[in-house]
Amino acid sequence: MNAMKIYIVLAFALCVSSIGYAQDQAVYNEYIKTQGILNPGYNGARGSMSGLMVFRSQWTGFEGAPYTVGLNFASPLESFSRKLKKIGAGVVIQNDHEGLTNNLEFSVAGSYRVLDERRLKLQLGLSLGVNNKRINGTEANTTDYGDPMFTGNISKFGFNFGFGGFLWSEKNDNNFFVGLAIPKFFATKYDTNTQQIRHTVSMRDLHTYLYGGYLFEVSNNGTLLRPTALMRIVPGAPMQFDISGSVFLMDKLWAGLSYRTVSEIVVFAEYQITKMFSVHYSFDYSISPIRQYAKFGSHELSIKYDFVGGKGKSKPGTRSKSIRYF
């Protein structure tokens, strides 16, 4: 009976992961801070050179549970030349490990500001990358000893490209942002017959992310409220939503709650150590049956550094507001 319960939970976990993790598309809780990884159109929109490092441990306590490490460096090219003020660039390195499988990705992104009005700005971007998928069969516990499918390591290279757009306004009476991204057009799958990585474009597997948020100033002492939402659309799976709200207190601390349909409730916080340096942490509590085995939840930790910041105290509507709030 215990074995049957484990099989049921594993089957459910695979169904859930097909929504959020299929085709090696890692999901982060604080998608506002990881937009440069998700959306090529966001790179350069912050108005300064910035670096992000994020680590996510999924279903802690579950043997072979996924973990992800991501790095993003982005900058508007205006930092180097005024003639390039509408162009942004970014680099993403991401390693996603799950069970016997490891997927390492490297991509570069470029963005162009197609709308640059005083109240409204829009950037469109493209990304191009390569990935290495490795399967370590030697660590598998097989029923038949010496199964040829699990006698060594399989390592294959692939490639992918993505598209994204980012629209935002930063005026006192209209502080909002909206993002649309398709991070990967190719589904990279391992064919056990040919032992090769296949690149296919399938509408059934295509992941589309639509997200946005609004910034409200709720008091004169600098307290802010930021509701956000993200929608994942995969034609071959149920639609998934992340709905969250956070509050900014004491000019230093963001604290909030998020609900992810089907799977998790999330608590998160961000502390602004300096104007340029911040640290973020979130904890997921699973509301699916897998919580019986992944009893320690999921954890996400990231640090962000903006290499150029404005002087003085930030207020909504100033240039440095985008660096702190979205």
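Calculation notes
Residues numbered from 1 in each chain as written. Predicted model: local features only at pLDDT ≥ 70, side-chain atom pairs only at ≥ 80, totals over all residues. Heavy atoms only, no water. Helix = DSSP H or I, 4+ residues; strand = E, 2+ residues; numbered from the N terminus. Polar contact = N/O pair within 3.5 Å; in protein donor to acceptor, adjacent residues only side chain to side chain. Phe/Tyr/Trp six-rings, centres within 6.5 Å; stacked < 30°, edge-to-face > 60°. Buried < 20%, exposed > 50% of the residue type's maximum accessible area, 1.4 Å probe, protein only. Lys NZ or Arg CZ within 6 Å of the ring centre and 35° of its normal. Salt bridge = Lys/Arg side-chain N within 4 Å of Asp/Glu carboxyl O. Core = buried A, V, L, I, M, F, W, Y, C linked by side-chain atoms within 4.5 Å. Contact = heavy atoms within 4.5 Å. pLDDT = per-residue confidence, 0-100. Pairing = 2+ DSSP bridges.

Another aspect to go through is the side chain of S48. Tracing the backbone shows S48 in the loop between α2 (35-38) and β1 (50-57). Side-chain polar atoms of S48 contact the side chain of D306, separated by 3.4 Å.

A few words now on the packing of aromatic side chains. Following the criterion strictly, the structure yields 14 aromatic pairs and no others. Aromatic side chains F55 and Y67 sit 6.4 Å apart centroid to centroid with 35 degrees between the ring planes, which places their arrangement in the tilted category. Of this pair, F55 sits in strand β1 while Y67 sits in strand β2 (residues 67-76); the two residues are twelve residues apart in sequence, bridging distant segments of the chain. The partly exposed category is assigned to F55, whose relative accessible area is 38%. Put simply, the rings of Y42, F166, W168, F177 and F326 pair up and form one aromatic cluster. Its end group placed over the ring of W254, R226 keeps NZ or CZ at 4.0 Å from the ring centre.

This part is about the pattern of salt bridges. Evaluated as defined, the whole model comprises twelve salt bridges. K33 is the partner of E270 in a salt bridge, and the nearest nitrogen-oxygen pair spans 3.3 Å. Taken together, the positions of E270 in strand β15 (residues 264-272) and K33 in the loop between α1 (2-20) and α2 put the pair 237 residues apart, joining distant regions of the chain. The buried category is assigned to K33, whose relative accessible area is 4%. The salt bridge partner of K121 is D116, with a shortest N-O separation of 3.0 Å. A relative accessible area of 18% places K121 in the buried class. We classify D116 as partly exposed; its relative accessible area is 35%.

F166, F177, Y211, Y325 and F326 are the most contacted members of the largest nonpolar core, which totals 18 residues. For this core, the secondary-structure elements that each account for two or more residues are β6 (153-171), β7 (174-182), β10 (208-214) and β12 (224-233). With sequence-adjacent residues up to four places away left out, Y211 is seen in contact with Y31, Q35, L38, N39, F166, F177, V178, G179, L180, A229 and L230. Counting six residues, the second largest nonpolar core, distinct from the first, contains A26, Y28, I37 and V92.

Right, let's get into the confidence of the model for the protein. This prediction gives the protein a mean pLDDT of 79; 77% of its residues lie at or above 70. In this model residues 309-323 is a low-confidence stretch, pLDDT under 50, and it forms 33 contacts with partners more than four residues away in sequence or in other chains.

A few words now on the environment of P183. Here P183 lies in the loop between β7 and β8 (187-191). Residue classification places P183 among the buried residues on the basis of a relative accessible area of 16%.

So, about the pairing of strand β13 (residues 240-249). Here β13 shows a clear split, with Q240, D242, S244, S246 and F248 buried on one side and none of F241, I243, G245, V247 and L249 buried on the other. Counted along the chain from β12 to the antiparallel partner β13, the turn is six residues long. With eight bridges joining them, β13 and strand β14 (residues 253-260) adopt antiparallel strand pairing. Following the sheet pairing, I243 is matched in β14 by Y259. The loop that links β13 with its antiparallel partner β14 comprises three residues; one of these, M250, has a positive phi angle of about 60 degrees.

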